[in-house]
Amino acid sequence: MLKASALYMVIVITLVISVICSALIITAYLYKTRYQAKFRSDQLRNNLNSGITILLNTRDSIYNDGRTFSLFNSDADSVSLKKTNWGIFEVCSASAFTGRDTLYQVFSLANAIDSAQWAALYLIDEDRPVSVSGNTLIRGNAFIPKAGIRAAYVDNKAYTGNPDIVNGKISDSERKLPQLSAGRLEQLKKQLALSPPVSGFPAGTDSIAQSFLKPVLTYSFGKQVKTISHISLTGNIILYSDTTIFIDSTASLNNILVFAKGISVSSGFRGNCQLFASDSVSTGRNCRFSYPSCLGLLRFGTGNTVGLSARSDLGDRSTFEGLIFSYQKDEQQLPPVISLGKSALVRGQVYASGILNLKAGVRIDGSVFARRFLYQSEFTRYENYLINVSIDSRSLSSYYLSSELAPVAGKPKKILQWLEAN
């Protein structure tokens, strides 16, 4: 007869073997589950990247309202793609999903620079030369009038810059500026003309964020002069006004759009936004607009009932990264004026369809396209003079991307910003 202890040992060994087998089965199950999850994740990531590639390379309007389809006629390869105009740029969303698993990316698009069109300076030909004085720097290719460029003696100061004046290739300019994109201007015209029902911020709210995966959040202030202060606005938000909007330095704006007749930004403001006005847009001193921002002055009407030029002013010692531009449909009106304050810094592009007023110490790391330059001293006014300013296209980052609105925009689209992801 077997001893009881031997039976006991058999039971213990059996139990141990059972535990080990169960552990192996569970391990195999967990490994298979993890493998399947990793496989699905990789598949979703590949499908998401395919969707992003489609959005980067298509100009088809079918994606404007969003489109969901299968990449390879399989439920496991479904993607949802959408492309929306967002000011001077585009915002795209791409989602890949299978079952309950979803991956998405939201990003903005911009255009690579067309090197054939790019220039540090483009001044239209009005049969008169460009004059430079003081410590003026022009570095990069330049398109100037056939009358040429010359050194001048202004305010008891001679020209002290590079003897060649232009450090780059010089070409003849035309009598008109290269045109802004008509399609993009039409889109901005429609948005500037919108007047949604009046709606203010919810009472007691100090922060509003709206995902680009959700419908756009609009706030319209009608004919009420509105001051935006002590609030943070982020994402898919547009502000409208039929009159003037004041933006205080206590407001935080991140990627939002503002459309109004007049926009005034207080000194010391910090933010990233696109501001579009039909009459005037101005900033105070020491403001900082981070890339990619936009100041747009747009006048689509004909006839000037008030007899005033549309104006865009960047305050003294302010920094702006992005595009500053003006557009006026009726050339018989007084030309719009863009004014850059003393020691202001622009990293990007300035496109002045009218007059560009550059004050002493202005530095532009990028490109300037203008119909006419203006310099005003305490005693006199000089046209087509550059005095103590720096225009240096080679100092602009090689990663800088332009809106398709600008005439230097190339065809390749690239990702400007990653806005949201999971």
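Everything numeric in this text was worked out from a predicted model, so none of it was measured. (Residues numbered from 1 in each chain as written. Predicted model: local features only at pLDDT ≥ 70, side-chain atom pairs only at ≥ 80, totals over all residues. Heavy atoms only, no water.)

1. Here we look at the nonpolar core
Consideration 1: Membership of the largest hydrophobic core comes to 59 residues, with the highest contact counts inside it found for Leu233, Leu239, Leu275, Leu340, Leu356 and Leu386.
Consideration 2: At six residues, strand β18 (residues 252-265) tops the list of elements feeding residues into this core.
Consideration 3: When sequence neighbours within four positions are dropped, the list of residues in contact with Leu239 reads Phe201, Tyr219, Phe221, Ile228, Leu233, Ile245, Ile256, Leu257, Val258 and Phe259.
Consideration 4: Tyr240, Tyr351, Tyr400 and Leu401 belong to the second-largest nonpolar core, a separate cluster that totals 34 residues. (Core = buried A, V, L, I, M, F, W, Y, C linked by side-chain atoms within 4.5 Å. Buried < 20%, exposed > 50% of the residue type's maximum accessible area, 1.4 Å probe, protein only. Helix = DSSP H or I, 4+ residues; strand = E, 2+ residues; numbered from the N terminus. Contact = heavy atoms within 4.5 Å.)

2. Focus: the sheet that holds strand β27 (residues 385-387)
Consideration 1: Taken in spatial order, the three strands of this open sheet run β9-β6-β27, and their pairing is parallel. Of all the strands in the sheet, the pair left with one neighbour each is β9 (149-151) and β27. Averaged over all pairs of adjacent strands, the angle between strand axes in this sheet comes to 25°, irrespective of strand direction.
Consideration 2: Sheet analysis places strand β6 (residues 130-133) next to β27, joined by three bridges and oriented parallel. Counterpart to Val132 in the pairing with β27 is Leu386. (Pairing = 2+ DSSP bridges. Axes fitted to C-alpha atoms, helices over the stretch in contact; angles between N-to-C directions.)

3. Quick word on the sheet that holds strand β1 (residues 67-70)
Consideration 1: Strands sit in the order β1-β2-β3-β4-β29 across an open sheet of five strands; the sheet is antiparallel. In this open sheet, the two strands that pair with only one neighbour each are β1 and β29 (409-421). Mean inter-strand twist for the sheet, computed between neighbouring axes without regard to direction, equals 25°.
Consideration 2: Of the pairings in the sheet, the one linking strand β4 (residues 101-113) to β29 comprises eight bridges and is antiparallel in character. The partner of Ala110 across the bridge, within β29, is Lys414.

4. Focus on the domain arrangement of the protein chain
Consideration 1: Splitting the protein chain by domain gives domain 1 (7-113) and domain 2 (121-200 + 208-301 + 309-402).
Consideration 2: For domain 1 and domain 2, the distance between their C-alpha centroids amounts to 43 Å.
Consideration 3: Counting residues at the interface gives 14 residues for domain 1, matched by 23 residues for domain 2.
Consideration 4: Summing both partners gives a buried area of about 1,500 Å² for domain 1 against domain 2, and 68% of it is carried by carbon and sulfur.
Consideration 5: At the boundary of domain 1 with domain 2, the tally comes to zero salt bridges.
Consideration 6: Between domain 1 and domain 2 we count eight residue pairs in polar contact (both at pLDDT 80 or more) in total.
Consideration 7: Residue assignment for the side of domain 1 that touches domain 2 shows that the elements contributing at least two residues are β2 (78-86), β3 (89-98) and β4.
Consideration 8: Among the elements that line the side of domain 1 that touches domain 2, the one with the most residues is β4, at six residues.
Consideration 9: Its residues assigned to classes, the side of domain 1 that touches domain 2 shows nine nonpolar, four polar and one charged. (Domains from an automatic or database assignment. Buried area = accessible area lost by both parts, 1.4 Å probe. Salt bridge = Lys/Arg side-chain N within 4 Å of Asp/Glu carboxyl O. Polar contact = N/O pair within 3.5 Å; in protein donor to acceptor, adjacent residues only side chain to side chain. Nonpolar A, V, L, I, M, F, W, Y, C, P; charged D, E, K, R; others polar.)

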